[in-house]
Amino acid sequence: MLDKTKDPVAERDFKVVGTRPVRPDGVDKVTGRARFGADISAPGMLVGKVKRSPHAHAKLVSIDTEKALALPGVKAVVTRDDFAENKKQCDVLRNIMAREKVLYDGHAVAAVAATSATVARKALKLIEVEYDVLPHVIDVDEAMKPGAPLLHDDMITKGVDPEPETASNIAQRYEFGHGDVEKGFAEADVVVERDFKTAAAHQGYIEPHACLASFTPDGQGELWCCTQGHYAIRGFCADLLGMDISKLRVTASEIGGGFGGKTTVFLEPLALALSRKTGRPVKMVMSREEVFRASGPTASTSSRVKVGATKDGKITAGEAEFRYQGGAFKGSPVQFGAMCAFACYALENVKTVGYDVVTNRPKQAAYRAPGAPMAAFAVESVIEELAVELSIDPVELRLINAAEEGDQSSFGPTFPRIGLVETLEATKAHEHFSAPLGPNQGRGIASGYWFNFGGATSVSLNIQPDGTVALAVGTPDIGGSRASMSLMAAEELGIAYEKVKAIVADTASLGYNEVSHGSRVTFASGLATIEAARNAKKILCARAAKMWEIPEEAVEWVDGHARPAGANAGDFEPMSLADIAKVAEQTGGPISGHQEHNASGAGASFATHMVDVEVDPETGRAHVVRYTAVQDAGKAIHPSYVEGQFQGGAAQGVGWALNEEYIYNDDGRLENPGFLDYRIPVCSDLPMLDTVIVEVPNPGHPYGVRGVGETGIVPPMAAIANAVSAAAGVRMTELPMSPPKLLKAINAKKANGSA
Amino acid sequence: MQYEAPQTLDAAVALLADARGAARVLAGGTDLLVQLRSGAIEPDLVVDIKRIDELKKITAEDGGYRIGAAVSGAELGEHEGVRALWPGVVEATELIGSTQVQGRATMAGNLCNASPAADSVPAMVAADATARIVGPDGVRDTSVRDVATGPGQTSLGRGEIVVSIFLPARPARSGDAYLRFIPRTEMDIAVVGAAVSVSLDDEGTCVAARVSLGAVAARVLLVDEGARVLIGTKLDDDALQALAAAASAACSPINDKRGTIEFRTDVAGVLARRAAQTAFERAKG
């Protein structure tokens, strides 16, 4: 469904934008030719492997590598001694290689390079590590208690006045909001207050981390790796290895999923250090177990949410406290959780507090709308309960309170044009909304918000002599962006999509590009692509002017052709891009367009999801039977990939809601480091995930684009929890709603009911 | 590690009997390869039995079927005769892994891996199946119940190989069924498994029954009390409730990452009841 409003951007008549051509990387991917991280090889390559801590928390007393180094075939071992202290990357340094302590099960303590994987594995066993095991803490609430085992002796909570005198596991306190919540609750007729917990979930990308590093004797490095941001990887690695940024060239491979988890370094600095030590290329690939134990899942959380409303459904106050553990180092996404929690609502009185907590788990990495889904799960569950108490339809209740243009957001700024109301209206209008439910089925609805970032972006567009276009972007393609960029370039230049070939260039070829994160690529790289195309068009027009011997201003670009701007300019046959490109050598040389900028004007994306779940009351098994995801895309450049993003977020949300969790034993060891027991949904677990694209143009983008990649994972857990609760007749406040938990709740209710 | 793929059973037995260190039999490999890759096991010798012709066959025998140890789940599933006689055993075997895994996985391998959660084993136990074992001392037959002695442990002696599973003949008006609980829809490991086999008389009264549970104890269980409460009934609600109670009572599960004691005990009763209903419907024809 397209919601075309009076906006001139929406009224624009696009020629190729909005169509659904085949992606340029599609054939390679379905035929197996695409080269992912582990597909890169080099002559003389060594195999690198990592020795990891079996302890959740221990002093690292000593590491003896002598026996490993004596093993034939072993070429080098690196440990903490091979990396200099680095104040700027203090935590990253300690995460890639333990220094004073190991802080989680799976924490790297040494890495070896050998002539084969077999030798490398043997060598790992020969590395002798002496640990002094310390008490550990896994749960976020336990970690916050006084007397909990301390991970960092010097961690003084920031954001608290006065500053605490003693160390704790709380890295920082955040607070957002406005108005007076006490006053607001006093005005409420109904108040709902609940506690919630969510488990740590992994991004679950199918491709494990992999890289190939090559370091030459003159101090130059090359790195091929699967990453969402090769410029960021270059920065981390150059820093950790103490080298000039310009001497390290990083090339991003095709990527088999990242979802935020491939925005930092794990193996890359180790591979470079091993290559520097041996003078040979070193390839490293994580096993699935390593991915789970040592890369970043997102935070597990604990929260309390309180919302008050009048009888007619006006929310008078919203208050929440969020406690997120982000693993062994500061930096959980609690700040974003606290910011996004009430973003869907125009509230007079709102207050959110967030605590960033450390525990003996792997350092969290970003995961699709980092921090927001857990907060939305809690808040949207309470909104649903409020709707039931007030006997108001949950969509109506949201419409009564929905944030709109001009409302002050719960985190401060005033919203520009946004599309939450449109997603709610589209939900109400959808056939699913009034479809009958079967026995043991329940329907749940939830809305969600996520920001959209701009950031540093650099794009280069080269017009080739045959009239085709080579487009180089620096943001790894994690969701079909090469297709989207090609569509925007083709639209702007007035040529066919097939005439544009987009690539992801290496770090030496373009200016700095921020990571493919924050739903920014289609917006920011798209904006840069459009500007680069416009710059190229200026040159194309200038070349035509030169040939026609008229002033440059007298030439305009229309429908893929340079033509005289008016009757006064002269009478010349319009020249196509190909016509001008063919003779470029005679008119001044190659024609290119560039754009380097910090993209601003990003527009937020809201979504509303609706889901039907069937619960087996005898086993506690919940099965999603119908799903509709409605989201504002601003303008869908390639609708199939926009729908794919909505579906991907929903699918990951289903897993997070129902079965995914990090399970630790009493020793703090991860019990389920594999896809057998870390249960992401399989295909048959999901119904067709229906989508509705709402288009409320973003005024900050020439085509109206909003980033869509992340918002789709914000509403699912709440929507599913609302559906499960409706189907089972019990309110579920803890994720995952796995069968043992759900059955226990159902049985407890039965027992209470019959008592 | 030494890998051998002999073409005769004698050669396979000799290799295993003469092995110096740890030796493993490779049938489908869907458990063994996973264990090798994870480093959980480091055998010195792996003997692949898939090249031995006689182990790749399904043969009719005494009104039942003998299923070779190298017959894959996919092959079993395509066998009309076995499907008709023991549908519960076939459906249990077909639940193992994914479509790709089905092309490799075998019932005998599932049995010898000795996981209490093995899907095909409760169905085989309910079917009163027999395992034929060949070793340095000759051939012996044993109840499938007696092959696994605990998680990962078997009663097989040095050099012994399970070469076939025998599913016996059964009276007309018989049926069996297997159900398992997994949180997902496929590609998972049973949190609870339940198999029921029943035979009915002409009036539809149950005259024989076997009830077996997986993943609720250190070994797959045969629940005699569950059979007792079905026999003599037409599987009315009371009988089914009694079966559920008997199944739950027989459980001695553990708490682990896949489920709690409470959950497994509860769900064992539910699944036994549901499996019995399906077996009953199949028996009625």
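Residues numbered from 1 in each chain as written. Chains lettered and ligands numbered in written order. Predicted model: local features only at pLDDT ≥ 70, side-chain atom pairs only at ≥ 80, totals over all residues. Heavy atoms only, no water.

### Remarks on the overall build of chain A
Along its length, chain A carries 22 helices and 26 strands. For a compact globule of 755 residues, the expected C-alpha radius of gyration is about 27 Å, and chain A comes in at 27 Å, within 12% of that figure. Principal-axis analysis of the C-alpha atoms gives chain A an extent of 90 × 75 × 50 Å. When each of the 755 residues of chain A is scored for burial, the buried share is 62%. A separation of at least 24 residues holds for 78% of the contacts in chain A among residues at least 6 apart in sequence. When the accessible surface of chain A is summed, it comes to about 27,500 Å², and 51% of that surface belongs to carbon and sulfur atoms. Taken as two groups, the 76 positive and 94 negative side-chain charges of chain A have centres that lie 5 Å from each other. (Helix = DSSP H or I, 4+ residues; strand = E, 2+ residues; numbered from the N terminus. Rg over C-alpha atoms; globule rule 2.2 N^0.38 Å. Buried < 20%, exposed > 50% of the residue type's maximum accessible area, 1.4 Å probe, protein only. Contact = heavy atoms within 4.5 Å. Areas by Shrake-Rupley, 256 points an atom, 1.4 Å probe, with all protein chains shown as cover. Lys, Arg positive; Asp, Glu negative; His and termini not counted. Charge placed at Lys NZ, Arg CZ, Asp CG, Glu CD.)

### Focus: helix H14 (residues 420-429) of chain A
Every buried residue belonging to H14(A) is among A:Leu420, A:Val421, A:Thr423, A:Leu424, A:Ala426 and A:Thr427, and all of these are buried. The elements touched by buried residues of H14(A) are helix H13 (394-401), helix H15 (431-434), strand S16 (441-450), strand S24 (605-616), strand S25 (621-632) and strand S26 (689-694) of chain A.

### What to know about the interface of chain A and chain B
Contact residues are listed per partner, giving 24 residues for chain A and 21 residues for chain B. Between chain A and chain B, roughly 2,000 Å² of surface is buried when both sides are summed, and carbon and sulfur atoms account for 50% of that area. The largest contributions to the chain A side of the interface with chain B come from A:Glu618, A:Arg621 and A:Arg679, which together make up 26% of the buried area. In this structure, the connection of chain A to chain B is made through 7 salt bridges. Here A:Glu618 ties to B:Arg274 by a salt bridge, and the two come within 2.7 Å at their closest N and O atoms. (Buried area = accessible area lost by both parts, 1.4 Å probe. Salt bridge = Lys/Arg side-chain N within 4 Å of Asp/Glu carboxyl O.)

### As for the packing of helix H20 (residues 639-658) of chain A against helix H21 (residues 716-728) of chain A
Residues and elements named next belong to chain A. Viewed as axis vectors pointing N to C, H20 and H21 meet at an angle of 55°, and their least axial separation amounts to 8 Å. In terms of their interaxial angle, H20 and H21 are classed as oblique. The two elements H20 and H21 meet at a crossing, and its hand is right-handed. When H20 is examined against H21, the residues Gly 649, Ala 650, Gly 653, Val 654, Trp 656, Ala 657 and Leu 658 are found in contact with a partner set consisting of Pro 716, Met 717, Ile 720 and Val 724. For the contact of H20 with H21, the per-class residue count stands at 9 nonpolar, 2 polar and no charged. (Axes fitted to C-alpha atoms, helices over the stretch in contact; angles between N-to-C directions. Parallel < 35°, antiparallel > 145°, perpendicular 65-115°, else oblique. Left-handed = near helix turned anticlockwise from the far one by under 90°. Nonpolar A, V, L, I, M, F, W, Y, C, P; charged D, E, K, R; others polar.)

### What to know about the domain arrangement of chain A
A common measure of how large an interface is: the accessible area buried when the components associate. All names here are of chain A. Along its sequence, chain A is organised into domain 1 (1-34 + 416-445 + 604-755), domain 2 (37-134 + 203-294) and domain 3 (454-599). Between the C-alpha centres of domain 1 and domain 2 the distance comes to 35 Å. Across the contact, 14 residues belong to domain 1 and 16 residues belong to domain 2. Where Glu 254 meets Lys 29, a salt bridge forms, and the shortest distance between an N and an O atom there is 3.2 Å. Counting the contacts that link domain 1 with domain 2 gives 5 residue pairs in polar contact (both at pLDDT 80 or more). (Domains from an automatic or database assignment. Polar contact = N/O pair within 3.5 Å; in protein donor to acceptor, adjacent residues only side chain to side chain.)

### Considerations on the packing of aromatic side chains
Aromatic rings in a pair are described by how distant their centres are and how their planes are angled relative to each other. Residue and element names in this part refer to chain A. For the structure shown, the criterion picks out 25 aromatic pairs over all chains. Taking 5.0 Å as the distance between ring centres and 50° as the angle between the ring planes, the aromatic pair formed by Phe 292 and Tyr 678 counts as tilted. Within this pair, whereas Phe 292 is found in helix H10 (residues 288-294), its partner Tyr 678 is found in the loop between H20 and S26, the two being separated by 386 residues in sequence. For Phe 292, a relative accessible area of 1% corresponds to the buried category. A relative accessible area of 0% places Tyr 678 in the buried class. Ring centres of Phe 336 and Trp 450 lie 5.5 Å apart, and the angle between their planes is 85°; this geometry places the pair in the edge-to-face category. With Phe 336 in helix H11 (residues 334-340) and Trp 450 in strand S16, this pair connects stretches of sequence that are 114 residues apart. (Phe/Tyr/Trp six-rings, centres within 6.5 Å; stacked < 30°, edge-to-face > 60°.)

### As for the domain arrangement of chain B
All names here are of chain B. According to the domain assignment, chain B contains domain 1 (2-167) and domain 2 (174-284). Relative to domain 2, the C-alpha centre of domain 1 lies at a distance of 24 Å. Taken together, the 26 residues of domain 1 in the interface contact 22 residues of domain 2. Between domain 1 and domain 2 the total buried area reaches about 2,000 Å² when both faces are included, carbon and sulfur atoms providing 56% of it. Considering only the surface of domain 1 that becomes buried against domain 2, Pro 116, Pro 122 and Ala 126 emerge as the three largest contributors, covering 25% of it. For the interface between domain 1 and domain 2, the tally reads 3 salt bridges. Salt-bridge contacts for Asp 128 lead to Arg 210; the nearest nitrogen and oxygen are separated by 3.3 Å. Our count for the contact surface shared by domain 1 and domain 2 stands at 14 residue pairs in polar contact (both at pLDDT 80 or more). Breaking the side of domain 1 that touches domain 2 down by element, the ones donating at least two residues are helix H5 (87-94), helix H8 (120-126) and strand S8 (148-150). Along the lines of polarity and charge, the residues of the side of domain 1 that touches domain 2 split into 16 nonpolar, 5 polar and 5 charged.

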